[in-house]
Amino acid sequence: MNKKERMEAVFNMEQPDVIPVFPRVMAQAIFDMGWSLPDVSTQTTLDVDKVVEAFTTNIKKYDYDLCFGTYMDHGFGVPTLGGVLEIPEKFGVSVSIKIPPIQEREDWDEVKKKLPLDPLKDDRMPDALKALKIVCQELGDEYPIAPAYYTGICAANILFRDVSSLTLDCVEDPEWVDEICQAATDFSIDWARAQYDAGCNTVFYLGDHFGTELISPKMGERFILPYVGQFVEAITKEYGQKVFMHIHGNMKRPKSFALLEKLVKEAGIAGIHLDENHDAAWIRENIVDKLGVPGALIVHGPDPIASGPTEKIESVVKETVEVGGPGGCVLMGPSCQVLPSTPGPNFKTWVDATHKFGKYPM
Amino acid sequence: MDIDNNLKALREALFDGEVEEAVEAVTQAIENNVDAALVIKDAVLPAINDMGDGMAEGDFFMPEVKISAKALKAVVEVLKPYVLAQKNLSDINVPPWTGEGDIDDVGSYLMTTVTAAQDQPVEVHAGLFIMIADGLDTHEFTPCKIQGKEAAEN
């Protein structure tokens, strides 16, 4: 099987040749080249050549099975809306939002006027798309390249307003939160379209760090679920692709699991990648068997993938795969992303061990 | 309103994040000459413990934490002059905020901290609840950022 066939086997609930690995590489590809983030990114531009070199090198070096194809962080669109990014010099630290576009509620009136954002024109998005197009051409259609972003309240946080203020808004002004969630979702669909048009060729990878970690399942039903539904409908209808979702929060709690179930059965999510709260046995039983969608087996990003040692990584992978692998329909993922500071040998060990112990039939 | 009901109202208002009700209840207590030490011991610290319990049990999420922290800070401002009249905050031996991790972890930290402070003098209680109010207000709860920080520090 080539890597695209391997991933598609998982997404179609079939057995692949080996368990594929999706490390969700973001800033790690840049640091792995010995560069810092200011070497590739300003507030409004990306160095296309460096991004292409970083991601093609990373993919070939670590031999994982699914990638984003370009540099991704939380800052796309923020400078155009009036925000300021923090682009750190320090090794291992991601880009963050130094000043969000909406600091006071009243700022929304000015921010609204700058919408809709245009991914083909605004801040770093055109450069990210140029790099993506080149990477897609270089890797060819046998390598699965997934578009990625967020939607609903998670997108509203990334695009508009800091987490602390936004979570207070959920209680004090929920109708306004509805409004900015919709605006953020509209952008997320446009950004998804642009990535597919640039050459992405597989499922959409939707992230959410609110989940039932930051907000209750009940708030999740208002500020996550309907927007995910809109997003899935658009991607499925326009590109014929499924949406795989990475969501944080302890889904073992009954009310949290009920939200997860709604995300699958009502919103149409076609695969779930949870966080480190969920071991392989739980994923197999509750995601694959009960919800009937592919799941990600998790190895924790900070420990052991980033911290090592490699022997521990191999041992944890072996155990995880032995428990969660039989039956197929799983991929291997980190608890969030392969963290920016992850040493190369650790990353390689994680991928190689998964391919070694994850061969089918098991 | 009698003292017990007054303090009960304050405890509930803090837990529920009802800023106006919390300020009203603590002001009423002060105006009725309720000892500030008693207010902290019987209303504020139990409210913090309740919050911690809710966080650890998975019933209290970030909106609830932030709005309760807002109520806590408002009550801090009312009580501060009464408990710190004789001392500066910097003279009080209160450990710094060391809450780490996600909401569950911070909830456990709050409960442990409150329990450990039970037999301490009123100035320590006051310093503690100022420390906790600030800590909850500024703590980073976003899971991706917590993981990134964990890895970068190691």
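Not measured: the values here are computed from a predicted model.

K.L.:
How should the overall build of chain B be read in this particular structure?
P.N.:
Helix and strand counts for chain B stand at seven helices and zero strands. Starting at the N terminus, the α and β elements of chain B follow one another as α-α-α-α-α-α-α. The C-alpha radius of gyration of chain B comes to 15 Å, within 12% of the 15 Å expected for a compact globule of 154 residues. With the principal axes as the frame, chain B shows a C-alpha extent of 50 × 35 × 25 Å. Across the 154 residues that make up chain B, the buried fraction comes to 47%. Sequence separation of 24 or more characterises 81% of the internal contacts of chain B that already satisfy a separation of 6 or more.

K.L.:
Explanation requested: the overall build of chain A in the structure shown.
P.N.:
The helix and strand inventory of chain A stands at 16 helices and eight strands. For chain A, whose C-alpha radius of gyration is 19 Å, the value lies close to the compact-globule estimate of 21 Å for 362 residues. Taken along its principal axes, the extent of the C-alpha atoms in chain A is 60 × 45 × 35 Å. Split into buried and exposed, the 362 residues of chain A put 57% on the buried side. Long-range contacts, defined as pairs at least 24 residues apart, comprise 78% of the intrachain contacts of chain A with a sequence gap of at least 6.

K.L.:
How should I be thinking about the interface of chain B and chain A in this particular structure?
P.N.:
Many structure descriptions define interface size as the accessible area lost when the parts assemble. Across the contact, 17 residues belong to chain B and 28 residues belong to chain A. Put simply, the parts of the chain that give the side of chain B that touches chain A at least two residues each are α4 (62-83) and α7 (143-153) of chain B. Looking at which element gives the most residues to the side of chain B that touches chain A, the answer is α7(B), with seven residues. Among the residues forming the side of chain B that touches chain A, the class breakdown is nine nonpolar, five polar and three charged.

K.L.:
Before we go on, may I ask you to explain the confidence of the model for chain B in this structure?
P.N.:
Detail in the predicted coordinates should be disregarded across regions flagged by low pLDDT. All names here are of chain B. Summing up the model confidence of chain B, the mean pLDDT is 85 and the portion of residues at 70 or higher is 93%. The least confident element of chain B is α7, whose mean pLDDT is 77; the most confident is helix α2 (residues 19-31), at 95. For this predicted complex, the interface confidence score (ipTM) comes to 0.81, while the overall pTM stands at 0.92.

K.L.:
What is the right way to look at the packing of helix α1 (residues 3-16) of chain B against helix α3 (residues 36-57) of chain B in this model?
P.N.:
The description of two helices packed together rests on the angle between their axes and the distance between the axes. Residue and element names in this part refer to chain B. The contact between α1 and α3 brings their axes to 9 Å, and the two run at 30 degrees. Considering the angle they form, α1 stands roughly parallel to α3. The element α1 and its partner α3 pack so that their crossing is right-handed. Residues L7, L10, R11, L14 and F15 of α1 lie in contact with α3, whose contacting residues are V39, D42, A43, V44, P46, A47, D50 and M51. Among the residues forming the contact of α1 with α3, the class breakdown is 10 nonpolar, no polar and three charged.

K.L.:
Please explain the nonpolar core as it appears in this structure.
P.N.:
Considering soluble globular proteins, one finds that nonpolar side chains tend to be buried as a cluster. One finds A131(A), V243(A), L10(B), L14(B), V44(B) and F129(B) to be the most contacted residues of the largest nonpolar core, which totals 171 residues. Counting residues per element, this core draws most heavily on α3(B), at 10 residues.

K.L.:
Help me understand the environment of D73(A), please; the structure alone is not making it clear to me.
P.N.:
Residue and element names in this part refer to chain A. If you trace the backbone, D73 turns up in the loop between α4 (48-62) and β1 (84-86). It is 12 Å that separates the C-alpha atoms of D73 and L339, two residues lying 266 residues apart in sequence. Ignoring sequence-local partners within four residues, the contact set of D73 consists of M26, A27, S94 and V95.

K.L.:
Any chance you could explain helix α5 (residues 103-116) of chain B here in plain terms?
P.N.:
Within an α-helix, residues lying three or four positions from one another point in the same direction, as the helix has 3.6 residues per turn. Residue and element names in this part refer to chain B. The end-to-end C-alpha separation of α5 is 20 Å, in line with the 20 Å expected for 14 residues at 1.5 Å each. Every buried residue of α5 is accounted for by I103, V106, G107, Y109, L110, T113 and V114. Projection of α5 onto a plane perpendicular to its axis shows the buried side chains occupying an angular sector of 160 degrees, all on one side. Exposed side chains of α5 directed beyond 90 degrees from the buried face belong to T115 and A116. Turning to α5, the residues buried within the fold contact α3, α4 and α6 (122-138).

K.L.:
Could you clarify how one ought to interpret the environment of V19(B) in this entry?
P.N.:
Residue and element names in this part refer to chain B. As for its position among the elements, V19 is in helix α2. Using a count of 18 C-beta atoms within 10 Å as the deciding quantity, one classes V19 as partly exposed. Distance in space between the C-alpha atoms of V19 and A74 is 6.8 Å, their sequence separation being 55 residues. The residues touching V19, leaving out its near neighbours within four places in the chain, are K70, A71 and A74.

Calculation criteria
- Residues numbered from 1 in each chain as written.
- Chains lettered and ligands numbered in written order.
- Predicted model: local features only at pLDDT ≥ 70, side-chain atom pairs only at ≥ 80, totals over all residues.
- Helix = DSSP H or I, 4+ residues; strand = E, 2+ residues; numbered from the N terminus.
- Rg over C-alpha atoms; globule rule 2.2 N^0.38 Å.
- Buried ≥ 20, exposed ≤ 12 C-beta atoms within 10 Å, placed from the backbone.
- Contact = placed C-beta atoms within 7 Å.
- Nonpolar A, V, L, I, M, F, W, Y, C, P; charged D, E, K, R; others polar.
- pLDDT = per-residue confidence, 0-100.
- Axes fitted to C-alpha atoms, helices over the stretch in contact; angles between N-to-C directions.
- Parallel < 35°, antiparallel > 145°, perpendicular 65-115°, else oblique.
- Left-handed = near helix turned anticlockwise from the far one by under 90°.
- Core = buried A, V, L, I, M, F, W, Y, C linked by C-beta atoms within 7 Å.
- Expected span 1.5 Å × (residues − 1).
- Arc of directions from axis to C-beta.

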